[in-house]
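This is what each chain is made of:
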Amino acid sequence: MTVKIQTVRFDADAKLIEYVKQRVEKLYNFHDRITKVDVFLKLDNVVHNIKDKVAEIKVHVPKQHLFVKQTSKSFEQSFDEALDSLITQLKRKKEKQYDL
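The structure reproduced in this document is the subject of the present report. (Residues numbered from 1 in each chain as written. Predicted model: local features only at pLDDT ≥ 70, side-chain atom pairs only at ≥ 80, totals over all residues. Heavy atoms only, no water.)

Regarding the pattern of salt bridges
Short version of the rule: Basic side-chain nitrogens of Lys or Arg form a salt bridge, by our definition, when they fall within 4 Å of a carboxyl oxygen of Asp or Glu. Numbering goes from the N terminus for both helices and strands, where a helix is a DSSP run of H or I of at least four residues and a strand is a run of E of at least two. Exposure categories follow from relative accessible area, calculated using a 1.4 Å probe and restricted to protein chains: below 20% of the type maximum is buried, above 50% is exposed, and the middle band is partly exposed.
A complete count under the given rule lists 5 salt bridges for this structure. Between D38 and K36 there is a salt bridge, and its shortest N-O distance comes to 4.0 Å. With its nearest N and O atoms 3.8 Å apart, the salt bridge here joins E56 to K69. In this pair, E56 sits in strand β3 (residues 53-61) while K69 sits in strand β4 (residues 64-72), placing the two residues 13 residues apart along the sequence. When its relative accessible area of 8% is taken as the criterion, E56 is described as buried. The exposure class assigned to K69 is partly exposed, which follows from its relative accessible area of 48%. When salt bridges that share partners are traced, they join K42, E56 and K69 into one network.

Here it is in structure tokens:
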């Protein structure tokens, strides 16, 4: 599984990058055929909106692509919410595979 982390409109510190890498590694527990994970951390510059930190996660598994986007006040919170939603999707996809 390859993990690619991109930051848009800011430079992430090493602590944030390491946090994301550690959390992404947990995805392998929910689906063992993940080939690639793309993480995008963005600053959304909407002036009147407090929620301006966006985390997007794209997971590539054979014949499927899963995508989640979350926005909140911090990158960690956005990423955690997106990861939780993604884990739910992975569980659902794996259950469908076993039901067939």
